[in-house]
Amino acid sequence: MNNAKIRVATASLAGCFGCHMSFLDIDERLVGLLEHVEFGRSPLTDIKHCGPCDIALIEGGLCNAENVHVLSELRANSKILIAVGACAINGGIPAMRNHYSLRECLEETYLNGVGVENPQIPNDVELPLLLSKVHPLHEVVHVDYYLPGCPPSADAFLKILGDLLAGDEPSLPKNLLHYD
Amino acid sequence: MRAEPKRDTAIPNTITIDGQEIPFSIGQTIMDAALAAGVYIPHLCHRPGLTPHGSCKLCTVSIEGRNVASHTADRRIQASSSVEIDSRSVSACTMPAMAGQQIRNNTPALNEVRKTITQMLFIEGNHLCPSCEKTGDCTLQAVAYHLGMLDGHFPQLSPRREVDASHGSVVLDRDRCILCELCVRASREVDGKNVFAISGRGIDAHLIVNSASGKLADSDLETGDMAAHICPVGAILIKEHGYEVPIGRRTFDLHRVSEIGLEPVILAKVRHTDE
Amino acid sequence: MKHKPAVNSSHAYSIDHECSIDQIRSVIAQNRSDHLLHILHALQQQLLHIPHRAVAEVASHLNLPVGQVESVVEFYSFFHNIPRGRYNILLSNCTSCGYMAGGKNLLQLLCQLLGVVAGRTRADGLVSVDQTSCVGMCDHGAAMLVNDRPIIRLDSGRIERIAALVNAAVPLEGWPEEWFDVDDNIRSSGLLLKDDLVAGDGLHAMIARGADATLDEITRSGLRGRGGAGFSTGMKWQFCREAPGDAHYVVCNADEGEPGTFKDRILLHSYADEVFEGMTVCARVIGSGQGLLYLRGEYRYLLPQLQAVLARRRELGLLGRNILGQPGFNFEIEIVVGAGAYICGEESALIESLEGKRGVPRNRPPFPVTHGYLGRPTVVNNVETFSAAAHIALRGSAWFSATGTGKSAGSKILSVSGDCAAPGIYEYPFGVTIQQVLEDCAAKDVQAVQVGGPSGTLIGKAEFGRKLGFEDLPTGGSFMVFGQERDLLAVAVNFAHFFAHESCGFCTPCRVGTTLLKNGVDKIAGGHGTHYDVDELKRLGALIKRRSHCGLGQTAANHLLDVIQRFPQVIEQRLAHSEFEPYFNLDAALEEARRITHRNDAAAHLE
Ligand SMILES: Cc1cc2nc3c(=O)[nH]c(=O)nc-3n(C[C@H](O)[C@H](O)[C@H](O)COP(=O)(O)O)c2cc1C
Ligand code: SF4
Ligand code: SF4
Ligand code: SF4
Ligand code: FES
């Protein structure tokens, strides 16, 4: 492996994998990218833990304790951390639950919801505990860059990575800037 | 003609915005003059034809060399006036244009300030654009694009605000309300009704419906009212029409907010009977 | 067990607490004033809240939109839509007369003794305890309002006795009378406090001199507004007098809400004749037939006495029709009482409040002198300004301008409080140094002085040579002394909460910004702030200061920016030694889930 390659880690926290899918939409351009980039911890590689990396791309906000652990690990190990997509940036769709209390959400889901059998709120110690609200990344760690969009387009991914690879301050042309 | 105040004809009725000389007529605000000349000053709570409001502060501009230690100075500004004497911040939408004003508008520093104010508006409410019917047609979003806003910057305040879906054809989702009072004014000044008001104080300020139950269903709001359509964000929406124009073909997918003339000038001005 | 998800509703009126419509109507009918604030106060006092159905009743009684009445109820701190206790106790949270003033948390103590949670009414409806912004008793130690009446000099002993009296449901009339005695505490007097002006003397002198010449005297005296802005009083009157309108109004600003200020309380208590006389002089000058005094709700206890002074003045022919026998010199004064909103001290918000609306500052121009109360030309002046005007009308401009400095003629009445042996009222010629005031009030080991209240300037030792006056350190009268023992960061926290609570919410920078400032200072005080947070606060503070709509926002960050600039070590020593700290407590964010799942294993916690 080429030592000069930039190491990129990715993670999906409280998101829908849409950002990852959109990233993969760069299609054949991935080949070119891989000449300069290698992937560390990522759902794309199935590497579960993070070693030191140059860039961390994080999709999704924080809805539970595990999200916080993963984010902290990535922050500690990455030089540049990028919040990718609406959920990472302001909580996004999962944050719609902030309209209700956690108890209301859980009771509606596990006790009172339509078609619930054996009503019981799960409390297995294996399950990550939920935060009382869904939070964006920048409330818990320092975020270096933001890539908005739901999801950001493949072009937007390429643009920000391209800029970083070139050693430029990343920027987005206005036509790639959208929140939906 | 009505009596014009006597004036020295040697002084032309112009102001200067970012070096560009712009004519104005008596009674116009800086915003009026700028828009008429095709100069964009970012704004959210302003709509030509309605009484200027001055609350969002997006239209903040700097006037150079304005004498601050005048009658306009409030007690608290005095203390700081000596240091800031060379420029004063005003709201373009409410400040009358006055001959000779040297105004800075489209500067990186001012746009940065406006971006911060826009971020404040985003984080104080719940703006989840991907789930919002208004996306693409939303002026708050478009202004944010214009200013290059990438994130909310501040921690989310995540308020819990009430949704009012009681009305047959209009829904009020307070999560997205930016308290611009356009609906309040449109209802009073154009529709000749008084459907909306702002209540509460400080960060708890919120839009209320002026009906005995506080519900839209009990108000006299009708789909044809200006107030039902004027909301710049997705707080007041017409039911069942949200996705008639597909995302990607909406106003701000095709236009930039800085293109002048996107917003209709309100011509029909009916005064509320109370006034 | 099946729970229905709680209705997610912020709507305040889900329950109506057994108030019949007849009860409501009778309160409205019996109220002698048709001012919205007064009717709402009567309802609040007698029904302990303003029930939802009362909102509609009041609206139809006054022919106002329901929305306006509702929005007023929700704007003012003293109105509630769920019942308060029959003893409604409000402890001041000011740094001088607040519940922490003696170093002990009296709010906590009282809540404990009464078995209540602050802000919530006890289940039996007997009592509610809450905190409120400065009540203007700063020279008397910790203070509270019980059903609109102030009790001063609170300490644990007195709190215990109060709790016992409440628990025994002893009516206020049976409480020790001396608790309610608020004396003036005048420590030094100058031009205005030295001798009482005999009621009517100022008016006689004005009539002898003529209105035009009196205006000249006021202008020439160099009198500038005592509310703080320091605008020339003579010029203000002149502008108003020249403004066209079918009526002109004189408004006295007795809202005195700046924490640490209580000098208007003394003027209203013991020198009310001067104040009313000044208003009457102004009326003559600008051609006004109606005056209004806007009294802050915290000073409601002064109302009977003020009404008595007005009645006496009417008897003496100093008020009413043909004053002092001058045909056509007609002037009446009405008192409107506020309901807990600092912003209503801002003159245009005050006018909105007088008009029965939320206290939201107007856009200016136009200014009150041309478009004020009911859109008519209006002079708004501070209590002290009117008092000075009465003296000048009698004694002339030279008498006044002989005292003070070039740009700051006359005297200034200071409200001195905080860490000093002799808090109280001090009247000085303008130009007095901070050092002098500190010596006079016997302050030892002073760390800092907050000049002009939270919206003013915080200065340290190095600047004690500075002078009070419009040239150097302007002040509306608040002078708060902080000794070496004071935690200035705790002070900053207090002030930041004050502004966030008092922001009217009209403009974005202040509405959102004051809350962000508050959260930011709390983070630092909680030991979770970093240098990044300090930079953020500086940037945010600068924006709020420069872009806000009115003086509240424009000064709301001053105190914090002053601490950061002048007392950096106060901040520094509290910072966490990391680059970034989360904005919320991660472990606490799991608490709700822990309770719901009954988990407490290691994975159920976050560092
Ligand atoms: C937030 C705020 C609060 C104020 N509070 C008071 C007050 O309590 N009393 C007062 O006289 N002026 C207050 N002022 C100043 C008034 O707006 C106004 O300048 C003053 O009443 C004018 O009177 P003067 O010229 O006699 O000072 C306040 C201003 C602001 C911005
Ligand atoms: S109102 Fe505008 S900014 Fe808010 S969520 Fe909807 S589209 Fe986004
Ligand atoms: S509902 Fe819309 S128009 Fe009305 S105040 Fe809110 S944001 Fe403005
Ligand atoms: S600065 Fe604050 S108090 Fe003043 S108008 Fe704005 S929100 Fe209201
Ligand atoms: S557009 Fe001027 S303040 Fe909103």
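None of these values were measured; they are calculated from a predicted model.

### Thoughts on the overall build of chain A
And step 1. Within chain A one finds 6 helices and 7 strands.
And step 2. Counted from the first residue to the last, chain A has its helices and strands arranged as β-α-α-β-β-β-α-β-α-α-β-β-α.
And step 3. Scaling as 2.2 N^0.38, a compact globule of 180 residues should have a C-alpha radius of gyration of about 16 Å, and chain A matches this with 18 Å.
And step 4. When its C-alpha atoms are laid out on the principal axes, chain A stretches across 55 × 35 × 30 Å.
And step 5. A buried classification covers 54% of the 180 residues belonging to chain A.
And step 6. Here the analysis covers contacts within chain A between residues at least 6 apart in sequence; of these, 77% occur between residues at least 24 apart.

### Here's the deal with the overall build of chain B
And step 1. Counting its regular elements, chain B contains 6 helices and 10 strands.
And step 2. Taken over 275 residues, chain B has a buried fraction of 60%.
And step 3. For chain B, long-range pairs separated by at least 24 residues make up 69% of all intrachain contacts whose partners lie at least 6 apart in sequence.

### Section: the sheet that holds strand β11 (residues 424–429) of chain C
All names here are of chain C.
And step 1. On the basis of which strands lie adjacent, the open sheet formed by 6 strands has the order β5-β11-β10-β14-β12-β13 and mixed pairing. Because the sheet does not close on itself, it has two edges, and the strands there are β5 (186–188) and β13 (457–460). Recorded for the sheet is a direction-independent mean angle of 30° between the axes of neighbouring strands.
And step 2. Of the pairings in the sheet, the one linking strand β12 (residues 446–451) to β13 comprises 4 bridges and is antiparallel in character. Looking across to β13, one finds that Q450 is bridged to L458.
And step 3. Along the sheet face, helix α10 (residues 263–270) touches β5, β10 (411–418) and β11 and points at about 115° away from the line of β10.

### A look at the site of ligand 4
And step 1. If you check the shell around ligand 4, you find 13 residues, and the closest are C504(C), C507(C), C510(C), C550(C) and G553(C).
And step 2. Its residues assigned to classes, the shell around ligand 4 shows 8 nonpolar, 5 polar and no charged.

### Quick word on the interface of chain C and chain A
How big an interface is tends to be stated in terms of accessible area lost as the parts join.
And step 1. Contacts between chain C and chain A engage 22 residues on the former and 30 residues on the latter.
And step 2. Carbon and sulfur atoms make up 64% of the area that chain C and chain A hide from each other, which totals about 2400 Å².
And step 3. Among the residues chain C hides against chain A, the three largest losses belong to F584(C), I596(C) and R599(C). Together they make up 24% of the total.
And step 4. On the surface where chain C and chain A come into contact, there are 7 residue pairs in polar contact (both at pLDDT 80 or more).

### Quick look at the confidence of the model for chain B
Residue and element names in this part refer to chain B.
And step 1. On average, residues of chain B score 88 in pLDDT, and 84% of them are at 70 or above.
And step 2. In this model residues 271–275 is a low-confidence stretch, pLDDT under 50, and it forms 9 contacts with partners more than four residues away in sequence or in other chains.
And step 3. With a pTM of 0.95, the predicted complex shows an ipTM of 0.94.

### Digging into the interface of chain C and chain B
And step 1. In this assembly, 62 residues from chain C lie in contact with 61 residues from chain B.
And step 2. Each partner contributes to the roughly 4900 Å² buried at the junction of chain C and chain B, and carbon and sulfur atoms together form 54% of this total.
And step 3. Together, R511(C), R546(C) and R547(C) form the three largest contributors to the area buried by chain C at its contact with chain B, with a combined 14%.
And step 4. Counting across the interface, chain C meets chain B through 3 salt bridges.
And step 5. Between R539(C) and E112(B) there is a salt bridge, with its nearest N and O atoms 3.8 Å apart.
And step 6. The tally of links from chain C across to chain B stands at 25 residue pairs in polar contact (both at pLDDT 80 or more).
And step 7. Those elements giving two or more residues to the side of chain C that touches chain B turn out to be α4 (66–75), α17 (488–502), α18 (508–525), α19 (531–547) and α20 (551–555) of chain C.

### A short note on empty space enclosed by the protein
And step 1. In the structure shown here, the tally under the stated rule is 13 cavities of 30 Å³ or more.
And step 2. Considered as a void within the structure, the second largest cavity measures approximately 160 Å³ in volume.
And step 3. As for the second largest cavity, its lining consists of 16 residues, of which I89(A), N90(A), Y179(A), F122(B) and H127(B) are closest to the centre.
And step 4. If one sorts the elements of the lining of the second largest cavity by residue count, helix α4 (residues 85–90) of chain A sits on top with 3 residues.

### As for the site of ligand 2
And step 1. As a structural note, the neighbourhood of ligand 2 is formed by F122(B), H127(B), L128(B), C129(B), C132(B), T135(B), C138(B), L140(B), Q141(B), R176(B), V233(B) and G234(B).
And step 2. Of the residues that constitute the shell around ligand 2, the class distribution is 7 nonpolar, 4 polar and 1 charged.

The rules behind these values
- Residues numbered from 1 in each chain as written.
- Chains lettered and ligands numbered in written order.
- Predicted model: local features only at pLDDT ≥ 70, side-chain atom pairs only at ≥ 80, totals over all residues.
- Heavy atoms only, no water.
- Helix = DSSP H or I, 4+ residues; strand = E, 2+ residues; numbered from the N terminus.
- Rg over C-alpha atoms; globule rule 2.2 N^0.38 Å.
- Buried < 20%, exposed > 50% of the residue type's maximum accessible area, 1.4 Å probe, protein only.
- Contact = heavy atoms within 4.5 Å.
- Pairing = 2+ DSSP bridges.
- Axes fitted to C-alpha atoms, helices over the stretch in contact; angles between N-to-C directions.
- Near = heavy atom within 4 Å.
- Nonpolar A, V, L, I, M, F, W, Y, C, P; charged D, E, K, R; others polar.
- Buried area = accessible area lost by both parts, 1.4 Å probe.
- Polar contact = N/O pair within 3.5 Å; in protein donor to acceptor, adjacent residues only side chain to side chain.
- pLDDT = per-residue confidence, 0-100.
- Salt bridge = Lys/Arg side-chain N within 4 Å of Asp/Glu carboxyl O.
- 1 Å grid on protein atoms, 1.4 Å probe; cavity = no way out; pocket = protein on both sides within 12 Å on 5 of 7 lines; lining within 4 Å.
- Points joined across faces, edges and corners; volume = space filled by probe spheres on them.

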